[in-house]
Structures are given as structure tokens and as C-alpha cells.
Amino acid sequence: MSKKQSEKQIIPVELLLPNKLYIIPLVGKPIFPGIFTPLIIESPHDLEIVDLSLDGDNMIGLLLDKDDTGETISTDSLYRIGTAAKIVKKINLPDGGVNIFISTLKRFRVKKFLSNSGPTVAAVEYMEDKNDECIEVKALTRSLLSEMKQLSENNPLFSEEMRLNMVNIDHPGKIADFITSILNTQREVQQNILETMDVQKRMEAVLIFIKKEQELLKIQKKIQNQINTKIEKNQRDYFLKEELKAIKQELGMAVDSRTSEFNRLKEAIEKFKFKGELKEQIEKELDKFSMMDPNVSEYIVTRNYLDTIVSLPWNKSESMEIDLDKSRKVLDKDHYGLEDVKERIIEYLAVRKLKKDTKGSIICLVGAPGVGKTSVGISVARALEKKFFRFSVGGMRDEAEIKGHRRTYVGAMSGKIIQGLRIVKTSNPVFMIDEIDKMGSSYQGDPSSALLEVLDPEQNHAFRDHYLDIPFDISDILFIVTANTLDTIPRPLLDRMEVIRLSGYIEEEKIAIAKKYLIPKSLARSGLRRKDVRYHKSALSAISVNYAREAGMRNYEKALDKIHRKIAKKMVLKEYKPPFTLNSEILTDYLGKPVFREEEEKKITKPGMAIGLAWTNFGGDTLLIEAIDIPGKDGLKLTGQLGDVMKESANIAFSYVKHISADYNIKPEFFEKNTIHLHIPEGATPKDGPSAGITMASTLLSLGTGKKIKTNLAMTGELSLTGKVLPIGGLKEKTIAARRNNIKTIIIPKANERDLEEIPEYIRKGIKFYSVVTLEEVIKLIF
């Protein structure tokens, strides 16, 4: 061998690397120097570069593409630092691509791309590792190898060959490169390490990634252990269940949950001893249930259906003996006053006692809010010693709420009646249906029509809920319904009910109710004792007059709660010691300024004013009707949110007063040259009904004659076009409202004289009643 040849053999490979390289873009992750690896080439552009390289020096440059999709590769999207590689072998693939085996040699930096079109060629400079022989690098090398040994032992993905390769690498930088290439890190991070020429910094970065990988491996191992423990437990449970099943089979017990559920339902159904249609339908469902797979959705539907059936009180409950004396005592204990209501309920119970059942009429309690309709229903249930169930139908728009949904719907359930029977577990409870006057209707149905079957004694012995779809006897249920007004209740529904009216309370009744019921309840709610607070009668009277003038007791109770809360606060802050005495003089300190002032009482101050009596959803009320004349054309202007019936009544009054104006010295020009404006405050409150007819006529006559109507006089009555005074309703409520407003004289239609007997003496006391037949009689009394 010549000297020239021997010198040629010892030239390092780095010195033979070309200054120009054909560039192949990498889409996945960068490839580090010192690695022998296969590379799949598919694109025509890259295939051309491989062929050109093999025709020359077999060298290529590998640069990572910044866009990991690889859809649009250009020189601008390539990183500038990559790895030079030598193609060792090429294998053609069936799909037209090639698999090349490459040996990566050294890092390079692109100085300049030399071609704008065709194969990518770049002028490159090769980069050397820096700082690779210091003591820190040696220490880092040991740390890397130690940590990787620990990592490879716990990770099955590291092969024995990888471990040997790692130990046999002699250069620290190449150790860092090799470890980075086998770690599962992001492509940007690997490119960053590829571009790090300082070996110490490169090894420090790799060591951080190894630590992260170890932490991840620990968590992975922990999760794996938890899963293995769970699997072992599940397997153990399975074997134990299989053993238990075998033991149950030996003992003749139900083997699985389906069998035990079937046996439970079958045993419960057999106790009821069904007959006819009931027996046929229920046994058919039970047979179907026995053959079902528990994993199908229909299984749950059928089980819920059978559960509903076995939880209903199919057998007749024993009828309780009605004790009228005891019932009377319960009603008296729970409610003050309401004598006529109590009497009607006792009469109703007496009929039930003689008939020995509850079939027949339905009680409908009608009254203003807060008068005690719901509590009367609860008292009836207590008096009869029966279970009580209440539900409200106010705002209900779907008849399925009453009669249930058909089982074909997802989430179908029975209606309120069947739900209530499941809760009370007896066939003869007391059911209260609240707010029956506030039901709506929509495209989903009309709940009031569904209630027709429920409340009809001729039909409800075979009530069919859509969910059950079998007849159920609900005729033993005592239904009590409540409403604020009868106007919005459908007539066919109203015909099925026995109406009992609960009138509002006068001041004396409110004071008695407060003393006996409300004050003890309110004190208990506030954590106070009876002896902590004492009320003067003047304070209780002032609450009724100044803060709670409505028909019911709700606002009165709210006022008491407000007082007791403030007293409780003062006691806790030790501002005073009990007992505390409350009188009317200090009431404003606790309740604020009066809601109703004495000057706000409706009073007649000049001609063209009259007080009428009205009945609303909130009980009786007084109406101050006003009229003025405005120069202009003949006519009548009405304001105050009047309904159609009230507008007609006003026109009748106007026509009749014009008709009789000459008899009372009213000049014809008064109506011809003036527009009469009739107004009924408060403007925001809707008003309707014919009972203000004589009041509006009196107002117009007072305006025309210029005479003022007597103070503290009120009237009610419908006026006909011929001047007759026709009967009205709600006289008791109107009288109570008049008493609350210090009215001393009331004019009523002659036909309503019989209703005066129903008004208790203590309500009528101090009020003078005049009964009239014609408007002329009214006119004689008012001026």
C-alpha cells in the first residue's frame, strides 16, 4: 500500500462532507446525528432528490418542516438547522415509493437555498459541538445514563439493544441526541435540542425531559395498579356471585335479581285478588315481564308500571265512623268565626254518616286569598281522621298532569290523582285541588275537561289514568277544591260541585284570629315566647286598619312576623329585656308608615261623587265613582279599566238619567252642551259586572243637580233601562268591605233582603240597610 493511499484512509468522514446538499423535508420529527434508520419516501419531489443523490455522493440533508401537516412545503417553511445523512441502501416499494436506509452524520446550517424550482439544493456549513469536555458534562453523562437505566427498566418499550447502544456511545453530545430521539417529546422541543450546540446545555435540557418522563411513568404505573386492583376485585366478586347463585339454586331460592323482582311483584299482585279485566291485563304484563332481559329498556318501563300497580290501594279501606261532635271541635279549634262554613261542612258530614260513604257532591271553597280555604280542607281531613293530599292546578295547561301520560312516551308517569293515592296508601283520603279557577288550556289539552271525569260521581268509580290504562275506583276520595272566583270555572265542572263561600273578615274577627292563632305561630317562628311580647288591643286594631285592610289574613300575618323579627333582633343585641308591650303609638317604629291612612278612606266631598260596593277575586271592596262635565259635544266618556258589562251598565245609567233629568230640574242643555266623563279609580285595576248600575246613575244625577250625596252612604244594585233595581251577588263580602271603610248606610235591591239573614249580626251592627225597587227610591235616600 502506498503512502498516498494510507493517508487517504485516515481522513475523517466529516472532512469529506459536501458543501451543497439535496434537501429532503421532514414532516414528523427531526432526525439526530449518529443514528442508522429507515426513511419512507413517497412524494415525486423527494423521489427525484433520492435518485440525484444516489447518482452522486449518496448524501442528503434533512430539514424539519415547521408545518406538521406537510401540505404546502416551501423553503420558507423549513428550519435552517438539520442533519446531513448518507443513503446506505434503497428498497423499492410496491406503491411506487422507496424505503431508504440512512446513516446520519453531522449537524449543518443552511447558508442559502440555491434553487427556486425543481429539487431543493442548499449551500451548507457544518456545525461542531461546544463545551463537551468539562467536568460538568462528565457528571451530566453519568446522570443521564443512570436516569435512563431506571427509566428503561420500568418501560417495556425500551429494548435491550437500545440500552446497549446507549452505554456504548462514546461522545456526550451523541448520548443526548440518542436519548432525545427515543423520548416521546414534541417536535419543536426536539428541533430546539438539535439546534443547541453547547453540549452541557443540551444535556441539561434532556435531563429535564427524562425527569418529566419518569413522573409521567409513575402516574401511569399508579393508574395501571388501580385498574389491576379493580379488575381483581371484579373477578373476585364474579366468582363469589357465581358461588352464591349455586348455593341459592341448591336451597330453591331466587337465583338472580330478575327472578326475585318477579317473585316480589307476583306475590304482591296475588294478594289483591284481581278479577275480570284487571286480572287479565295485569297478568299479561307480569308474564311479559318474566320473559324480558333486564338489559333492555322495556324491562324498566314494565317494572315501573307493575310497581305503580302494586303500590296502589286496590282494596277498600275501612270506613271510619264520623263523630260530628268531634268534627265540630276540630273545626272550632282550627278556625275562628266562619260559622256558616262550619255549619255547611257539619251538614255535609252528617249526610256522609247516614249514607256510610263519601260518594256524592264535591265541596268547592270559594273566597279571597288568605281567608282560610286550604286550612279548612286540612281541618276536614283531621275531623274525619283521614289522610290528606293537596296539589295545585293553578297555571296547569296539560291534561296529562291529571290523567297521566301513555306508556309509549319516554319518561311516562301517572297523573296527580294516582300519584296522590300512591303517597297516602289508602282508597278514601281527602284530596284538595287548589286554584281550580286558574287552570289554562293549550295544544296539549284542557285540564278542566280531564277533571270532569275525576269529579263526576257517576264516572269516577272507573277512572282510567292514561298510564295505568285500567279502571281504578276513586269514588271514595273526598274531593275539596278551592277557588278565588267562580267566573273562570267551566260551567260543567261547577255543576258537579257544592259551593261554600268563605267571606272576608272584619276588624273584630281579625283581632280575635290574631290573638288566638297568628300571634302564637308568629312568635314561635321568630324564636320568641308568649310572655316576651304583649299586645294592646289598640295595636292589633291599628294593624288591621292601617296595614292589612284586605279580606284575608295574609298581610296581617306578615305584619306580625315583621314586628317579631325586629323584637328578636333587639333582644339578641340586648337593647331591652322582655316582656315588651306593643301599642298603637309605637307601631310605626316596627311597620313603618301606614299603608292605608284615614284620609285615604273613600269619602264624598262634592257633587258628582258616589260610593259603590263591589265584589272582586280578593273579596269585597268599595268603589268611589267620580263624574265631571266638560264643555263640548253630547256624549259619555268612561275610564278606569271597565269591562264590557260595566260599560253597558254605565250607558244604561246615562240614558236613564237623561230620561228623568226634567223631573229633577236638570236642564236639557247640560247633556247637550257637555261631555260627561265618568271615572272609577283605581285606574290600573280591571273592573266588571253590573252591580254598580245605581251608583253610576246616582253619580250622574248628583253632577246634574249639583247636590252632594250623603257622607258614609254606599249602594249596590243593577239598574235596568226602565229604572228597576235588580239583585246582585256577594252581599256579605260587600257589607264586610263597607264596614272596613266606616260606611253607616247601605242601599241594596229589595230582592237581596233574604241575603241579609245570612250576614251575622255582629257584621250588620251599626249599619243601616235600605232595600229599594226603583231608582226613584234610591234618589229619595241619597240627597
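Notes on the structure in this doc start here.

Thresholds applied
- Residues numbered from 1 in each chain as written.
- Predicted model: local features only at pLDDT ≥ 70, side-chain atom pairs only at ≥ 80, totals over all residues.
- Heavy atoms only, no water.
- Helix = DSSP H or I, 4+ residues; strand = E, 2+ residues; numbered from the N terminus.
- Rg over C-alpha atoms; globule rule 2.2 N^0.38 Å.
- Buried < 20%, exposed > 50% of the residue type's maximum accessible area, 1.4 Å probe, protein only.
- Areas by Shrake-Rupley, 256 points an atom, 1.4 Å probe, with all protein chains shown as cover.
- Lys, Arg positive; Asp, Glu negative; His and termini not counted.
- Charge placed at Lys NZ, Arg CZ, Asp CG, Glu CD.
- Salt bridge = Lys/Arg side-chain N within 4 Å of Asp/Glu carboxyl O.
- Pairing = 2+ DSSP bridges.
- Axes fitted to C-alpha atoms, helices over the stretch in contact; angles between N-to-C directions.
- Contact = heavy atoms within 4.5 Å.
- Core = buried A, V, L, I, M, F, W, Y, C linked by side-chain atoms within 4.5 Å.
- Patch = residues over 30% accessible without salt bridge, like charges linked within 9 Å, V, L, I, M, F, W, Y side chains within 5 Å.
- Polar contact = N/O pair within 3.5 Å; in protein donor to acceptor, adjacent residues only side chain to side chain.

In this section: the overall build of the protein chain. Helices and strands together make up the secondary structure of the protein chain, namely 28 helices and 24 strands. A compact globule built from 783 residues would reach a C-alpha radius of gyration of about 28 Å, whereas the protein chain, at 48 Å, exceeds it by more than 25%. If one aligns the C-alpha atoms of the protein chain with their principal axes, the spans along those axes are about 155 × 90 × 65 Å. Looking at the protein chain as a whole, 46% of its 783 residues are labelled buried. Total accessible area on the protein chain is roughly 41,500 Å²; 52% of this is exposed by carbon and sulfur atoms. The protein chain carries 121 positive and 112 negative side-chain charges, and their two centres are separated by 6 Å.

This brings us to unusual backbone geometry. The phi angle at Lys425 is positive, at roughly 60 degrees, despite the residue not being glycine. By secondary structure assignment, the location of Lys425 is in the loop between helix H15 (416-424) and strand E9 (430-434). Positive phi outside glycine occurs at Asn665, with the angle close to 60 degrees. The class for Asn665 is exposed, based on a relative accessible area of 73%.

Counting across every chain of the model gives 29 salt bridges. Here Asp129 makes a salt bridge to Arg202, at a shortest N to O gap of 2.7 Å. In this pair, Asp129 is assigned in the loop between strand E6 (121-126) and helix H3 (135-154) and Arg202 in helix H7 (residues 199-251), connecting sequence segments 73 residues apart. The class for Asp129 is partly exposed, based on a relative accessible area of 24%. Taking relative accessible area as the criterion, Arg202 reaches 0% and is therefore assigned buried. With a shortest N-O distance of 2.9 Å, Asp561 and Arg525 are connected by a salt bridge. Separated by 36 residues along the polypeptide, Asp561 in helix H20 (residues 554-572) and Arg525 in helix H18 (residues 507-525) bring together distant segments of the chain. The class for Asp561 is buried, based on a relative accessible area of 16%. Under the relative-accessibility criterion, Arg525 is labelled partly exposed at 48%. Because the salt bridges share partners, they merge into one network encompassing Arg107, Asp129, Asp177 and Arg202.

The five strands are arranged E8-E9-E12-E7-E13 in an open sheet whose pairing can be described as parallel. The strands lining the two open edges of the sheet, one partner per strand, are strand E8 (388-392) and strand E13 (497-502). This sheet shows a mean twist of 20 degrees between the axes of neighbouring strands, independent of strand direction. Here strand E7 (residues 362-367) pairs with E13 via six bridges, running parallel. Among the inter-strand pairings, Ile363 is bridged to a residue of E13, identified as Glu498. Along the sheet face, H15 touches E8, E9 and strand E12 (478-483) and points at about 150 degrees away from the line of E8.

Attention now moves to the nonpolar core. By size, the foremost hydrophobic cluster in this structure holds 56 residues, and its most contacted members are Ile694, Met696, Leu700, Ile746, Ile747, Leu775 and Val778. Sort the elements by how many residues they give to this core and helix H22 (residues 644-660) lands first, with seven residues. Setting aside chain neighbours within four positions, we find Leu700 in contact with Ala627, Ala653, Phe654, Val657, Ile676 and Leu678. Counting 53 residues, the second largest nonpolar core, distinct from the first, contains Leu331, Leu478, Ile563 and Phe580.

Our focus in this paragraph is a positive patch on the surface. On the surface, Lys562, Arg565, Lys566 and Lys569 cluster together to form a positively charged patch. Inspection of the secondary structure puts Lys562 in helix H20. Given a relative accessible area of 34%, Lys562 falls into the partly exposed group.

Here the focus is the environment of Lys531. You can see Lys531 is positioned in the loop between H18 and strand E14 (533-535). Overall, the relative accessible area of 55% leaves Lys531 in the exposed class. Between the C-alpha atoms of Lys531 and Pro578, which are 47 residues apart in sequence, the distance is 7.8 Å.

Turning to the environment of Arg344, a few remarks are in order. Relative to the helices and strands, Arg344 resides in helix H12 (residues 339-355). Judged by its relative accessible area of 30%, Arg344 falls in the partly exposed class. Spatially, the C-alpha atom of Arg344 lies 108 Å from that of Ala85, the residues being 259 residues apart in sequence. In this structure the side chain of Arg344 is engaged in a polar contact, spanning 3.0 Å, whose partner is the backbone oxygen of Val499.

With that out of the way, let us pick up the pairing of E12. Counting buried positions along E12 yields six of six residues, so the element is predominantly enclosed. The two faces of E12 match: Leu478, Ile480 and Thr482 on one face and Phe479, Val481 and Ala483 on the other face are all buried. With four bridges joining them, E9 and E12 adopt parallel strand pairing. Looking across to E12, one finds that Ile433 is bridged to Val481.

Scope: geometric values only; no functional claims are made or implied.
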